[in-house]
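What follows is each chain in one-letter form.
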Amino acid sequence: MTQIPLTILFSLGLILGIVGCETGDSADDDDTAPSGDADSDGDGDGDTDGDGDSDGDSDTDGDTDSDSDSDSDSDSDNDSDSDSDSDSDSDTDWPNVPGVVVEINQELQCIPLCGDDYVDDLPGDDWAWDDGRDCILPDTVTANNQACMTDEPIPDYEPRPGIRLNGDPVIDSCLWSVCYPLCQVIDEPDPDADFPDWAWENNHSCVIPDTPTATILPKSVENMGYEVPPQPCMWGEEEPDYLAPPPLDDAQDVYGGFQTVGGELRDAYDNPFVIRGINNSHGWYDICGQYSAWGALDEIAATGANAVRVGWAFESIEPVGEPEKPVIGTTPGLLAEILYRIVELEMIPILAVNDSTGQTGTGWPLKMAQFYTQPEFKEVLLAYEPYLMIGIANEFNGTDFYNAYAPAIEHFRDNGINHTLVITSNEWGQGCDTILNNAGSLTDADPEGNILYDLHLYNWITYNGNQGGDASFVSGCLNALASSQIPALVGEFGHSHGGNPVAWDTIISRCDANDQGYSVWNWYGDTEYPVLNLSDGWDGGLTFWGDDTMPRIAETAEPASIFN
C-alpha cells in the first residue's frame, strides 16, 4: 500500500496525543527538553517519561529547562542537558555509525545509537547523550525504528503488515481509508492513553495487534448488520497505478471497448462475449476501510465467472442506524481500485448505480449520467474503456422511458464516454415489454448504437401485456428479445423472491440457448433477502443457491478474448 505522507502522519500523531521530538535547537523555550520530547516510551500517549505529562510540553526532567549552550555535563538533577545547537557538526561527531530514523520537527533524521559511554537520561526516556550529541538508547522502543547510517541517505521504509481503517481514527468518517501499520514492538495497550489501541513506532502511528481497533471496525460501519473485520494490507508497499489497467494489443484492437452488434455483445477484439457474472455489493461493503466485497473477488473468480456486476452508488449510502449521517465513501479512487482488481482477475466489470433504484422522476437517468461524468469519475471510466460496461440507472421505475434515457445517452456521448451503456428496464427491472417497445428507438438515439438491455427476472414479469413469473413468461420474454436482435442481459435473478419461486433454471437454460448474458444475485451481503446470498461469507463457502448456480456458470463461462 502507498506510504502515508509524513505531513498526514505527523498530524495524526498529534491527534493521537503524540508529540514530535526535538534535538535542542528550540530548547530556549520553557518546559522544552534537550532531546527527548518524542513519545519515546512508545505508549502513544505523548508522555515520554511515564510521569503522565502528555500536555504537549514534553518536560522530560520535570524540574528545570534546558538551555542551548549547556554541554554534556551531568548536573545534579541528572537531566543531562545537552548542547545540540544547529551549528553542531553532527556528521563529523559520529560519522557512518548505526542509527535509527527519527522524525524531528516533521523532518526525518538519522540519530545514532548510543555507544558505551552515554550519559543516561531520565528513566523511561529512550534518549541519552554520548560523545557530544543526542543518541538513542539501544533496546528501547525508539531503537526499533527504521535502521540507518548517520552519513547515508535516509532509507525507505520496509513494507510491513497493516490493516485498512478509516482515514481518521478519531473522527467517525468514511471519506477515505488508509493502510496503517501494525505495531511490531509495542504489544500492550496503554489504558491511560486517549486512544489505547494506537501507539507510535518508526515515526508512524501504528495499531496494536489483537486490540478492538485491529480486529473489528467501529460500530457505525458494521454496515447492513454485519460485523466486518479490517482488511489486511501491506503498509509501505507500493500500490499499482489503479488508472493504468493492462493495455490491449494494438495489433488486435478493433474497438475502444465493448460494442453491441445486432443482438450480440462483442469485446474490443471483435469477438463475441457472453456474460456469465455474479452481483457483488462493492458500494456498501468496501467503503470505510472494509474492503470486504473487494476481498471476495478472488472467490468469485474461482467460480469461473467472467464478469462482476458492481453494486455502486454516488450519494445514497449510509451506515445502518444513522440515517442523519450520510456517508460519501464511494470515491473515484475506490472505484478505480475495485475495477483494477476485477480486471486483474480477468473478469469484466459492469457498473450498476443504485441511487436511482425505485425512482420515477424522468430526470433520474440524466442525473446518474452527470454523476458519472464528474471529472474524477470520468477519468476512471476512460481508463477502463476496453474492459468496462456502464449501467446508467439501476431499476429506474419511470414510465416515460425513452424521454428519460435519451438525454442520458446524449450526455454520455457528448462527454466522450463511448462504452457500452446498460439500460435496465422499469418495474424494478421486470418490464420486458418496456424493453421490447423502446430498444429500437433508444439504440437509434445513440450515435454509437452501443446499448445493452438489462432485465431483472424474479417472479412477476410484464410480457405481452400480462404479468407472471413462471417458465412461460421467462421463455417468452427472452425468446422475443433474441428474435428482435436486442442484446440482452439478465442482470439479476434469484431462486425465489418474497417467498415465491423464481423460474431460475429456465432463465439459465434460455440464456444458454440464446447466447444471452446473465448475472446471478448475489455473492453476499443481502440482508433483505439473505436466502439469495450465493456464499455464506465473503471468503466463500457456497449456500444451496450457490451450489445450484455456480456449476452452471463454470460450464459455460468463457473469458473475454481481450485477456488472451
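Honestly, the overall build of the protein chain in this entry has me stumped. Any pointers?
Scanning the protein chain for helices and strands turns up 14 helices and 25 strands. As presented, the protein chain carries roughly 22200 Å² of accessible surface, and 47% of it is formed by carbon and sulfur atoms.

Help me out: how do you make sense of the sheet that holds strand 7 (residues 160-166) in this one?
Pairing between the strands of a sheet comes from backbone hydrogen bonds, and it takes one of two forms, parallel or antiparallel. With antiparallel pairing, 3 strands are arranged side by side in an open sheet as 8-7-11. Each of the sheet's edge strands pairs with one partner strand only, and the pair in question is strand 8 (177-181) and strand 11 (232-235). Direction aside, neighbouring strands of the sheet carry axes that sit 50° apart on average. Relative to strand 8, strand 7 is paired through 5 bridges, and the arrangement is antiparallel. If you follow Asn166 over to strand 8, its bridge partner there is Ser177.

Explain helix 11 (residues 432-445) here, please?
The end-to-end C-alpha distance of helix 11, which contains 14 residues, comes to 20 Å, matching closely the 20 Å that a straight helix rising 1.5 Å per residue would cover. Of all the bends in helix 11, the greatest, near 50°, is centred on Asn438. Those residues of helix 11 not exposed but buried are Cys432, Asp433, Thr434, Ile435, Asn438, Ala439 and Leu442. Packed against the buried residues of helix 11 are helix 10 (401-414), strand 18 (420-424), strand 19 (451-457), strand 20 (461-463) and helix 12 (471-483).

Quick question: what am I supposed to make of the state of the cysteines here?
When the sulfur atoms of two cysteines share a covalent bond, that bond is a disulfide. The full count for this structure, using the stated rule, is 5 disulfides. Sulfur-sulfur distance for the disulfide between Cys110 and Cys148 comes to 2.1 Å. Across the S-S bond of Cys110 and Cys148 the torsion is about 95°, and the bridge reads as right-handed. Here the residue Cys110 occupies a position in strand 2 (residues 107-112), and Cys148 occupies one in strand 6 (residues 147-149), the gap between them amounting to 38 residues. In this structure Cys148 comes out as buried when scored by relative accessible area, which is 7%.

For this particular structure, what's the right way to read the pattern of salt bridges?
Side-chain pairing between opposite charges can occur once the charged atoms of the two side chains come close. The full count for this structure, using the stated rule, is 12 salt bridges. Between Arg164 and Glu337 there is a salt bridge, with its nearest N and O atoms 3.7 Å apart. With Arg164 in strand 7 and Glu337 in helix 7 (residues 332-344), the pair connects residues that are 173 residues apart, well separated along the chain. Take Arg164 and Glu337: they sit in the same class, and that class is buried. Salt-bridge contacts for Asp505 lead to Arg552; the nearest nitrogen and oxygen are separated by 2.8 Å. Of this pair, Asp505 sits in helix 13 (residues 504-514) while Arg552 is found in helix 14 (residues 544-556), placing the two residues 47 residues apart along the sequence. What makes Arg552 buried here is its relative accessible area of 18%. Salt bridges sharing partners connect three or more residues here, namely Glu264, Arg266 and Asp270.

Explanation requested: the pairing of strand 22 (residues 488-493) in the structure shown.
If a strand is regular, its side chains alternate between the two faces of the sheet. Of all 6 residues in strand 22, 6 are buried, a share of seventy percent or more. In the sheet, strand 19 pairs with strand 22 via 5 bridges, with the strands oriented parallel. Counterpart to His456 in the pairing with strand 22 is Glu492.

Hey, could you run me through the packing of aromatic side chains in this one?
Evaluation of the coordinates by the stated rule reveals 17 aromatic pairs. Summarising the aromatic geometry, the rings of Tyr180 and Trp198 are spaced 5.0 Å apart at their centres and angled 85° between planes, so their arrangement reads as edge-to-face. Taken as a pair, Tyr180 in strand 8 and Trp198 in strand 9 (residues 198-201) lie far apart in primary sequence, 18 residues in all. The residues Tyr180 and Trp198 share a single accessibility class, namely buried. Pairing Phe314 with Phe377 gives two aromatic rings, centres 5.0 Å apart and planes at 85°, and the pair type is edge-to-face. A residue pair is termed long-range when its members are at least 10 positions apart, and Phe314 in the loop between strand 15 (307-312) and helix 7 and Phe377 in helix 9 (residues 375-383) qualify at 63 residues.

So what exactly am I meant to see when it comes to helix 10 here?
Note on helix geometry: an α-helix contains 3.6 residues per turn, so any two residues three or four positions apart are oriented the same way. End to end, helix 10 covers 20 Å across 14 residues, agreeing with the expected 20 Å (1.5 Å per residue, within 8%). For helix 10, the secondary structure elements touched by its buried residues are helix 8 (364-372), strand 17 (389-391), strand 18, helix 11 and strand 19. A positive backbone phi angle near 75° is found at Gly416, which sits one or two residues after helix 10.

In this structure, what is going on with the sheet that holds strand 3 (residues 119-120)? I would like to understand it.
A sheet is described by the order of its strands in space; here 3 strands give the open sequence 3-4-5, paired in antiparallel fashion. Two strands lie at the open edges of the sheet, namely strand 3 and strand 5 (133-136), each paired on one side alone.

Is there a simple way to think about the pairing of strand 9 in this case?
Both faces of strand 9 are covered, namely the face carrying Trp198 and Trp200 and the face carrying Ala199 and Glu201. Relative to strand 10 (residues 204-207), strand 9 runs antiparallel, the two sharing 4 bridges. Its bridge partner lying in strand 10, Glu201 is registered against His204. The antiparallel hairpin formed by strand 9 and strand 10 contains 2 residues in its connecting segment, where Asn202 sits at a positive phi of about 50°.

Any chance you could explain the confidence of the model for the protein chain here in plain terms?
Where the model shows low pLDDT, its predicted coordinates should not be examined in detail. Counting all residues, the mean pLDDT for the protein chain is 81, and 77% of those residues have values of 70 or more. A low-confidence stretch, residues 1-92 stays under pLDDT 50, and its non-local contacts, those more than four residues away or across chains, total 213 contacts. Within the model, pLDDT remains below 50 along residues 319-327, and this stretch shows 18 contacts once partners closer than five positions in the same chain are excluded.

Please explain the environment of Gly541 as it appears in this structure.
Take Gly541: it is sitting in the loop between strand 25 (517-520) and helix 14. Note on Gly541: relative accessible area 40%, which makes it partly exposed. Separated by 242 residues in the primary sequence, Gly541 and Glu299 have C-alpha atoms spaced 9.3 Å apart. Setting aside its immediate chain neighbours within four residues, Gly541 contacts Ser535 and Asp536.

What counts as what
- Residues numbered from 1 in each chain as written.
- Predicted model: local features only at pLDDT ≥ 70, side-chain atom pairs only at ≥ 80, totals over all residues.
- Heavy atoms only, no water.
- Helix = DSSP H or I, 4+ residues; strand = E, 2+ residues; numbered from the N terminus.
- Areas by Shrake-Rupley, 256 points an atom, 1.4 Å probe, with all protein chains shown as cover.
- Pairing = 2+ DSSP bridges.
- Axes fitted to C-alpha atoms, helices over the stretch in contact; angles between N-to-C directions.
- Expected span 1.5 Å × (residues − 1).
- Bend = angle between axes of the 7 residues up to and from the residue.
- Buried < 20%, exposed > 50% of the residue type's maximum accessible area, 1.4 Å probe, protein only.
- Contact = heavy atoms within 4.5 Å.
- Disulfide = S-S within 2.5 Å.
- Salt bridge = Lys/Arg side-chain N within 4 Å of Asp/Glu carboxyl O.
- Phe/Tyr/Trp six-rings, centres within 6.5 Å; stacked < 30°, edge-to-face > 60°.
- pLDDT = per-residue confidence, 0-100.

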